[in-house]
Protein chains: 2
Amino acid sequence: MKLSALLTSAGINIGVCALLLSLYSVLRKQPGNVNVYFGRRLAEEHGRHRDSYVLERFVPSPSWIVKAWQYTEEEILSAAGLDAVVFLRAIVFSIRIFSIAAVICVFGILPLNYYGQEMHHDHFPSESLDVYNIGNVMEKSRWLWVHCLVLYIISCAACTLLYFEYKRIAKMRQIHITRSPADPSHFTVLVRGVPKSTEESLNETVRHFFTRYHGPSYLSHQMVFRVGKIQKLMSNAEKVYKKFMHWNATAFDPRSRPNMFRCGLCGATSNSFELIRSQSEISATKNNPSHSYLPEKECAAAFVFFKTRYAAVVASKVLQSSNPMLWVTNLAPEPHDVYWSNLWLPYRQLWLRRIATLLASIIFMFLFLIPVTFVQGLSQLDQLQQRLPFLKGILKKTFVNQIVTGYLPSVILQLFLYTVPPTMMLFSTVEGPISRSGRKKSACTKVLYFTIWNVFFVNVFSGSVINQLNAISSPKDIPAQLAKAVPRQATFFITYVLTSGWASLSSEVMQLFGLVWNFLKKYVFRIKEDDPASVPSFPYHTEIPRVLLLGLLGFTCSILAPLILPFLLVYFLLGYVVYRNQASNIMNVYCSRYETGGRMWPIVHNTTIFSLVLAQIIALGVFGLKESPVASGFMIPLVILTLLFNEYCRQRFHPLFRNFPAQDLIEMDKADEQSGRMEQIHEQLLSAYSQFPPESHNVCLVDGEGTSGSNRKDESTELSNDLSHPTLVGLPISRLRQVVTAVSMIVSLQSKSSPM
Amino acid sequence: MKLSALLTSAGINIGVCALLLSLYSVLRKQPGNVNVYFGRRLAEEHGRHRDSYVLERFVPSPSWIVKAWQYTEEEILSAAGLDAVVFLRAIVFSIRIFSIAAVICVFGILPLNYYGQEMHHDHFPSESLDVYNIGNVMEKSRWLWVHCLVLYIISCAACTLLYFEYKRIAKMRQIHITRSPADPSHFTVLVRGVPKSTEESLNETVRHFFTRYHGPSYLSHQMVFRVGKIQKLMSNAEKVYKKFMHWNATAFDPRSRPNMFRCGLCGATSNSFELIRSQSEISATKNNPSHSYLPEKECAAAFVFFKTRYAAVVASKVLQSSNPMLWVTNLAPEPHDVYWSNLWLPYRQLWLRRIATLLASIIFMFLFLIPVTFVQGLSQLDQLQQRLPFLKGILKKTFVNQIVTGYLPSVILQLFLYTVPPTMMLFSTVEGPISRSGRKKSACTKVLYFTIWNVFFVNVFSGSVINQLNAISSPKDIPAQLAKAVPRQATFFITYVLTSGWASLSSEVMQLFGLVWNFLKKYVFRIKEDDPASVPSFPYHTEIPRVLLLGLLGFTCSILAPLILPFLLVYFLLGYVVYRNQASNIMNVYCSRYETGGRMWPIVHNTTIFSLVLAQIIALGVFGLKESPVASGFMIPLVILTLLFNEYCRQRFHPLFRNFPAQDLIEMDKADEQSGRMEQIHEQLLSAYSQFPPESHNVCLVDGEGTSGSNRKDESTELSNDLSHPTLVGLPISRLRQVVTAVSMIVSLQSKSSPM
């Protein structure tokens, strides 16, 4: 690819970015889009006096950028949670390290590469980009020590920055734990694998076990209910009801009309079964959260509440029984974070599910090679012309040619990549995590491995499946192979930064899918009511892998093809503004009802270390190919030192991200006991975890896990929402059957009489 | 190799075995060897009336075998501990699985291999052993499904047996924990990384921390003291003293004479410094074990005693502080098991030590290739003849030729292998484990990896370093490579079973080194007193890897070269008798003052699974080479099922080997509290862990870690023994210096006057 092609590509992307960003600054001021960009509550507050200034509404302005800059980290932390701060810290880290790298490499390495060989340099824009790569440096060049030194500087800077970030985030996590005043999850343990007994109910078994072995600290417990049959009945009833309502749009009960659509996509709301509501049953459900009104549906899991935080941590850490598959205890997730529909899974199934998901993910990774191979084919234009002869005429034009080689491959790859996060999220759901945040973290690592494998390695090893397998089967040659392939693919990576990085950022800020969905909802489906349940949570599982992948590209290409660094730096700067904007205005775009408490950082740290080591290994291979054994030899201590640094961080910081320090918890317990707050906390605790919340319409329970909007219909969330229906939960199954029969009878009568 | 060569080798080994075993049955009756075969206490009891039956003493008899059979598992458990039982169970498992394998393979596979090709079979003894291998089966043979089926049967039988053994041993471990009535280690936590403070001493810091955070359950604590300088002074003083005593054999003080030798090799005894003993100081040391009489020597570690077992486990499991490198808690090892000289190591060093040891072990593994290559050279006789032409005449004789090819290589390898366990034990010491059993377990895994790598893989890949590296660098070809190489090396493995297996067993029962040492001691050094400190502990770190390696050879060769199985079965049967004999008579041969509590079993289990999977992968390669894709395809589900089984066992049983179940501990605590024993236990607890035991002469503190006797001089054990010296510990350093000066003056005077 020539420099001009790159500039074309950059131009297109800058244009698209500018367009989308100005569109955003206009669209966000339109009252109609308020629920796309601001969620419901802010809309209610500010919606009214927006209509007055008509002209300003249609003028693009950078005010949102200024606003995004103004927020302090403290404000973001309190508004969007620790995860958002951690994500922003990852971007800040990237900005810092790539500023250093860009300055050193552009002024130190780029001229060395450019004048590496005694050649006549063409006219600037028509020169191949390869002259900026390390490939242009002569073999046995004396200047390779500069590359070696630069890599040392970058590695040291990265490690230093990583250390301070890790330390800072560990501290933040500690503060996050100690400051959350009465988080019920600190007092609660989720116990699974409760043994079934013929003599007593599971409820009794749990009570006896914990009174016997944790008597002094045990407070109460609450069984988890399996919802299989009820759910089936419910969904049957609802299908029938939906049909029924479809034909009787306004005939039956005016209050239930607007919810017809939400039944299907976002779960039932509280008034869709208005006809059988019974106040006495609701209050019964409300007051006895742990009462076994459906004894045959109890499953072998329970939330156990303890009197102190320390007691809960202790119960979660100790092996309870001599059969490790029974009485498995974990600290409970936060109430909103609980993934109810996974809790009934028998614990002894989980290891099998985990292995099955792992295998499925690996198979998916390899199946994905097919579209990648196709993308690779595109960049070899002659092949494409042979297959599609009618394109010959068009492809002869330089501009089209430049678009097809420089832009199209990564756009196609990008489109295919959009299917990955939903699939990985599905795998993570099947895996059986107990919390939504756990599921998201698991999906995040899956997407990360997937992206690194499919975008980096597969592209590097020239796309074809056979080449890759050869590379896997001879690990000794990998450095040399990488050293040959990475500089060759550097131009592709630069365009990838442009398309995947820049463009995705602007589409993120625009919320394209949200806009389209909003438009469809308003003008096609004609739903007027704003749906609070459709506010998604932040898609960490797509954004973190993207940021980390671009970091990986930056590190690996830094000394080989330094031209990528300025583009990358622009990406990170833009990303900082955009994500700050998204994260800082909580309830603007995303609803953050649960979070991992900063547990994403170890993923960021480990991936960065991996990127560094990979860059060092590639450099080792490159120096080997350039026949510079000294520079090559200097890489080995660097690799070892980086790995040692990583091991130190793992020892020093990582335990904090898996455990709560006893010291802090005991201090918190003592403070609460002295101030007399403990009683109050215990009272709140008993009603904190309700599998069937009595009032579901003011809670945003549905989380659309992707930005794409295509996966907002989350079957399992729906399931838990279906069951949150207060009127049906209290009913015995026989009564439910009667309801279903009754409704279906009405429907059949109706369908006969209505004009089909 | 021909069958006759194999029979020669077998003959030699059977002869050696029979000779050694009958020698053993004679020697064990000799009163002079009583302390080799029986330790001191039994000797005292039975020694007297042995002298009467003179004739019987010199007639070989199988009475010891009968005796070994008579012990029940219960008796062995109570006498030799759980580790001995686990080791015997590993042998029982091997006997069972290889009985099944031998029957199926010898009657099912051997004829198929023998008549695999339509060839004229030679005279029986002069036929090559290769006709019994799978190499003799024709390509695309229809009979390969039999091999496939047999491997399925063996794998299923092995997994079933493994499951029941794991279950049984987990149960035994549970009983072992619950039955040990007042084990102080259950109540004690070793805390390391106590933060240094300028305001208060470490002692105070520990007290404050545990009273504050574990107030209700904290009982007391005891600091660990660093012993660097005292130790130096002590050893100086002792060197001087030894010299001095050597020249003044009987002149000074008759009571201290016999100990002169033990000072150097087995640690000081209580009366070797009789001259400066002071009763008042001893009693001071005795009564205040945690008193800081040397305040400047306190190190950042302490034993913390808790009131209940459960509290101790809780304190050991929970992350204490927000800096994971501080207040690191682990359950303490048993008092005799504590490895005192490692306790002062700063905790933050340990991860570096672990990595360094790992690297050192790997380097050692590769350095060891040099002797292995030499051994391989021996089996190619023509090369040897070229180098040493004078051997030509001798080597032409068939018998010598057969010995050199069939016997010598494995003897040489064997001799080199004797250096491995002491080296690995040294590495494990440097690693910094807190307990002797932990050190032994760590050495055991190191020796195991080493043995499998150097005996199996290196021999299979034909010895030369370059070949091996090629094999490592192309993992895809490994099955095919193994499939080619393993049958080729099968005869070597058979001779290995004969030499390493059979011969080592008989030398184990004979205690050759012990005998020689005993002889030297009596007739060369003229030391009359029996030394209780020289009774070694059982060398699990050499015996477990040997048994597991032979198991690995059995599994991998089972369908490829079934001829190995009968020899292996004989080995395991003989081993069962021998080890039962050694283990059942505790204080006979070995002193078992500490143990891992059955934690060796997961090593046995994992290695067996590894062997099975390796055998299956090799079979996959062999079927591939024989162009039988169906049989080859059938191997893949077998590999997956075996791995799944392993994962299940890891989930179901492995946690029990790392943790104590809370349920059992709480039951024990309750029982003790109800019966009122708790008070008594607490009292005993306070004096259980004494870094400087007041009376060391009736404790067998030295453990010679190898059978070889060459590594009985364990420097670090010596160190702790040196310091256990009651008379010197109470002294201030200045006083010690005076002693040293005084003694050295006496020595210098003496050496001038004595006739050199």
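Sequence positions are assigned chain by chain, starting from 1 and proceeding in written order. In the order they appear in the text, chains get letters beginning with A and ligands get numbers beginning with 1. Local features in this predicted model are restricted to residues of pLDDT 70 or higher, and side-chain atom pairs are both shown and tallied only at a pLDDT of 80 or more, whereas totals for entire chains, interfaces and linings draw on every residue.

For the purposes of this entry, the term helix denotes a DSSP run of H or I that reaches at least four residues, the term strand denotes a run of E that reaches at least two, and both are numbered from the N terminus. Across its full length, chain A carries 34 helices and four strands. Residues are called buried when their C-beta atom has 20 or more other C-beta atoms within 10 Å, exposed when it has 12 or fewer, and partly exposed otherwise; all C-beta atoms are positioned from the backbone. Sorting the 756 residues of chain A into buried and exposed places 45% on the buried side. With C-beta atoms placed from the backbone, a contact is any residue pair whose C-beta atoms sit within 7 Å. For chain A, the proportion of contacts with a sequence separation of at least 24, taken over those separated by at least 6, is 83%.

A word on the sheet that holds strand β4 (residues 328-331) of chain A. Residue and element names in this part refer to chain A. Here, strands pair whenever DSSP counts at least two bridges between them. Read from one edge of the open sheet, four strands run β2-β3-β1-β4, paired in antiparallel fashion. Only two strands of the sheet have a single neighbouring strand rather than two, namely β2 (218-225) and β4. Across the sheet, the axes of successive neighbouring strands diverge by a mean angle of 25 degrees, strand direction being ignored. Every axis corresponds to a line fitted to the C-alpha atoms, with the helix fit spanning only the stretch in contact, and the corresponding angles, defined between N-to-C directions, vary from 0 to 180 degrees.

Let us now look at the sheet that holds strand β4 (residues 328-331) of chain B. The strands making up a sheet associate through hydrogen bonds between their backbones, and the pairing can be parallel or antiparallel. Residue and element names in this part refer to chain B. Ordered in space as β2-β3-β1-β4, the four strands form an open sheet in which the pairing is antiparallel. Of all the strands in the sheet, the pair left with one neighbour each is β2 (218-225) and β4. Each strand axis lies, on average, 25 degrees off the axis of its neighbour in the sheet, ignoring direction. Relative to strand β3 (residues 298-306), β2 is paired through six bridges, and the arrangement is antiparallel. Across the sheet, Phe225 pairs through a bridge with Glu298, a residue of β3. Packed onto the sheet, helix α12 (residues 309-317) meets β1 (188-192), β3 and β4 and runs at close to 140 degrees relative to β4.

Before going further, it helps to examine the interface of chain B and chain A. Contacts between chain B and chain A engage 29 residues on the former and 29 residues on the latter. Among the secondary structure elements, those contributing two or more residues to the side of chain B that touches chain A are α12, α14 (347-367), α28 (629-652), α29 (654-658) and α30 (662-675) of chain B. Here the side of chain B that touches chain A takes four residues from α30(B), the largest share from any one element.

For this overlay, a least-squares fit was computed on C-alpha atoms, restricted to residues scoring pLDDT of at least 70 in both copies. The two copies are related by a screw operation: chain B maps onto chain A through 180 degrees of rotation and 0.1 Å of translation along the axis, at an RMSD of 0.1 Å. The symmetry that links the two subunits is that of a two-fold axis. The overlap is high: 100% of the interface residues of chain B also sit at the interface in chain A, so the same surface is used on both sides.

Residues and elements named next belong to chain A. When pLDDT is averaged across chain A, the result is 74; 66% of the residues are at 70 or more. A low-confidence stretch, residues 46-52 (pLDDT under 50), is modelled with five contacts involving residues beyond four sequence positions or located in other chains. With pLDDT under 50 throughout, residues 250-296 is counted as low confidence; its partners more than four residues away or in other chains account for 81 contacts. Scored as a complex, the prediction yields pTM 0.78 and ipTM 0.76. Note on scores: pLDDT gives the predictor's confidence for each residue, bounded by 0 and 100.

On to the packing of helix α7 (residues 144-179) of chain A against helix α27 (residues 601-625) of chain A. All names here are of chain A. It is at 11 Å that the axes of α7 and α27 come closest, and there the two elements cross at 170 degrees. With respect to α27, the element α7 is oriented roughly antiparallel. Residues Leu144, Leu151, Ser155, Ala158, Leu162, Tyr166 and Ile169 of α7 lie in contact with α27, whose contacting residues are Trp601, His605, Thr608, Leu612, Ala615, Gln616, Ala619 and Phe623. Amino acids outside the nonpolar list (Ala, Val, Leu, Ile, Met, Phe, Trp, Tyr, Cys, Pro) and the charged list (Asp, Glu, Lys, Arg) are all regarded as polar, and Gly is one of them. Its residues placed into classes, the contact of α7 with α27 shows 11 nonpolar, four polar and no charged. Reported orientations rely on four angle classes, namely roughly parallel under 35 degrees, roughly antiparallel over 145, roughly perpendicular from 65 to 115, and oblique for the rest.

All names here are of chain B. Here helix α6 (residues 82-114) crosses helix α7 (residues 144-179) at 170 degrees, and the two axes come no closer than 10 Å. As judged from the angle between their axes, α6 and α7 are roughly antiparallel. Of the residues belonging to the contact of α6 with α7, the class tally is 20 nonpolar, three polar and four charged.

All names here are of chain A. Along strand β3 (residues 298-306), eight of the nine residues are buried, which leaves the element largely enclosed by surrounding structure. With five bridges joining them, strand β1 (residues 188-192) and β3 adopt antiparallel strand pairing. Bridge pairing links Leu190 to Phe303 in β3.

It is worth spelling out helix α1 (residues 3-27) of chain B at this point. One fewer than the residue count of a helix, multiplied by 1.5 Å, yields its expected span. The terminal C-alpha atoms of α1(B) lie 35 Å apart, and with 25 residues this matches the ideal 36 Å at 1.5 Å per residue to within 8%. All of the buried residues in α1(B) are Ala5(B), Leu6(B), Thr8(B), Ser9(B), Asn13(B), Cys17(B), Leu20(B), Leu21(B) and Tyr24(B).

As a further point, take unusual backbone geometry. The bulk of non-glycine residues show a negative phi, and the bulk of peptide bonds are trans. All names here are of chain A. Its identity is not glycine, yet Trp327 carries a phi of approximately 50 degrees, on the positive side. Its location among the elements puts Trp327 in the loop between α12 (309-317) and β4. According to the C-beta neighbour criterion, Trp327 is buried, with 26 such atoms within 10 Å. For Glu627, which is not glycine, the phi torsion reads 55 degrees and is therefore positive. Residue position: Glu627 is located in the loop between α27 and α28 (629-652).

Residue and element names in this part refer to chain B. Mapped onto the elements of the fold, Asn659 is located in the loop between α29 and α30. The class of Asn659 is partly exposed, set by 17 C-beta atoms lying within 10 Å. Between the C-alpha atoms of Asn659 and Leu331, which are 328 residues apart in sequence, the distance is 9.6 Å.

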